[in-house]
Amino acid sequence: ELDTIAGQTRFGDRHLLDGSLGCAGMALGDGLTFVSAGEETRSSSAVGYEVMLTREPTRATLIAAAPLTDAAIAGGLRLVLEADGREAAVVTRPGQTPAAVAETLRRAVTEAGLPLHVDVNSEGRLLVQHRRFGAAHRFSARSSLPGLLSGSDGTPSRVANGTDIAGSLHDEPAIGEGRTLRGAPGNASTAGLVVRYTGLPYTGANSRLPRSRPAILEARVFAGRVVL
């Protein structure tokens, strides 16, 4: 009888008692998004659950140790990027500018399906950055000229400096993965609660180098609230 009631009780086309509605949530805060809630997540008060951050998510990033010079470009410099088992490679041609080299490498990356962004700054140094956030996403880079993308000894640079978000939900432990925070199993209120924090873009755009924001690393920072 209960199954029948649950199956037949509706508001318009929506079932109200069969569990399909799940949990509705709303995030309040710049760059903060409610993703989902689990069966163990408890409803919040009207004030919501505080989301506190101790570390922002970052992407694996490599800034070339030296600029692209006319002599290096004219010498047929070979640049190679590898990620997710795929590779993109280009060879520079005489007369190319650093911006043209970056554009050629960017097209090769797109054609190869690599999740990387390529840019160049005003000094002519290449900036390569993974498009996904978190410690799980990495790439390698090498150049025929040591000390550019490769290490000073010519070995490929293996870039794994991306970081996962870290913080807490309602003063309870949370597990960070990329840009998402998930309430830890066993939490009294937020077990299974998932939020995403995108923050504001600050790297890899318009030839800007990454800006450091040390305050986010030195103290707990209020990111917003989630109301369930």
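Residues numbered from 1 in each chain as written. Predicted model: local features only at pLDDT ≥ 70, side-chain atom pairs only at ≥ 80, totals over all residues. Heavy atoms only, no water.

Draft legend 1. Highlighting the overall build of the protein. Along the protein, the regular secondary structure elements total four helices and 17 strands. Taken across its 228 residues, the protein has 41% of its residues classed as buried. Total accessible area on the protein stands at roughly 12,400 Å², and carbon and sulfur atoms take up 51% of it. (Helix = DSSP H or I, 4+ residues; strand = E, 2+ residues; numbered from the N terminus. Buried < 20%, exposed > 50% of the residue type's maximum accessible area, 1.4 Å probe, protein only. Areas by Shrake-Rupley, 256 points an atom, 1.4 Å probe, with all protein chains shown as cover.)

Draft legend 2. Spotlight on the sheet that holds strand β13 (residues 166-169). Read from one edge of the open sheet, eight strands run β3-β17-β5-β13-β14-β15-β16-β4, paired in antiparallel fashion. Of all the strands in the sheet, just β3 (26-28) and β4 (32-36) have a single pairing partner and so form its edges. This sheet shows a mean twist of 30° between the axes of neighbouring strands, independent of strand direction. Sheet analysis places strand β15 (residues 180-183) next to strand β16 (residues 194-197), joined by three bridges and oriented antiparallel. Within β16, the position partnered with Arg182 by the bridge is Val194. (Pairing = 2+ DSSP bridges. Axes fitted to C-alpha atoms, helices over the stretch in contact; angles between N-to-C directions.)

Draft legend 3. Structural view of the side chain of Glu56. Along the chain, the position of Glu56 falls in the loop between β5 (49-55) and β6 (61-63). Judged by its relative accessible area of 8%, Glu56 is buried. A polar contact is formed between the side chain of Glu56 and the side chain of Tyr197, at a distance of 3.5 Å. (Polar contact = N/O pair within 3.5 Å; in protein donor to acceptor, adjacent residues only side chain to side chain.)

Draft legend 4. View of helix α3 (residues 98-112). With 15 residues, α3 should cover 21 Å at 1.5 Å per step; its first-to-last C-alpha distance of 21 Å lies within 8% of that length. Looking at α3, one finds that the buried residues are Val101, Ala102, Thr104, Leu105, Ala108 and Val109. Taken around the axis of α3, the buried residues stretch over an arc of 160°, which confines them to a single face. Turned more than 90 degrees away from the buried face of α3 sit Thr110 and Glu111, all of them exposed. Of the surrounding elements, those touching the buried residues of α3 are α2 (70-74), β7 (78-83), β8 (86-91), β9 (116-120) and β10 (126-130). (Expected span 1.5 Å × (residues − 1). Arc of directions from axis to C-beta. Contact = heavy atoms within 4.5 Å.)

Draft legend 5. Looking closely at the confidence of the model for the protein. Scored by pLDDT, the protein comes out at a mean of 86, with 83% of its residues at no less than 70. Every residue in residues 201-215 scores below 50 in pLDDT, and together they form 28 contacts with partners more than four places removed in sequence or on other chains. (pLDDT = per-residue confidence, 0-100.)

Draft legend 6. Expanded view of the layout of surface pockets. Counted as a void, the second largest pocket has a volume near 180 Å³. Its residues placed into classes, the lining of the second largest pocket shows three nonpolar, four polar and five charged. (1 Å grid on protein atoms, 1.4 Å probe; cavity = no way out; pocket = protein on both sides within 12 Å on 5 of 7 lines; lining within 4 Å. Points joined across faces, edges and corners; volume = space filled by probe spheres on them. Nonpolar A, V, L, I, M, F, W, Y, C, P; charged D, E, K, R; others polar.)

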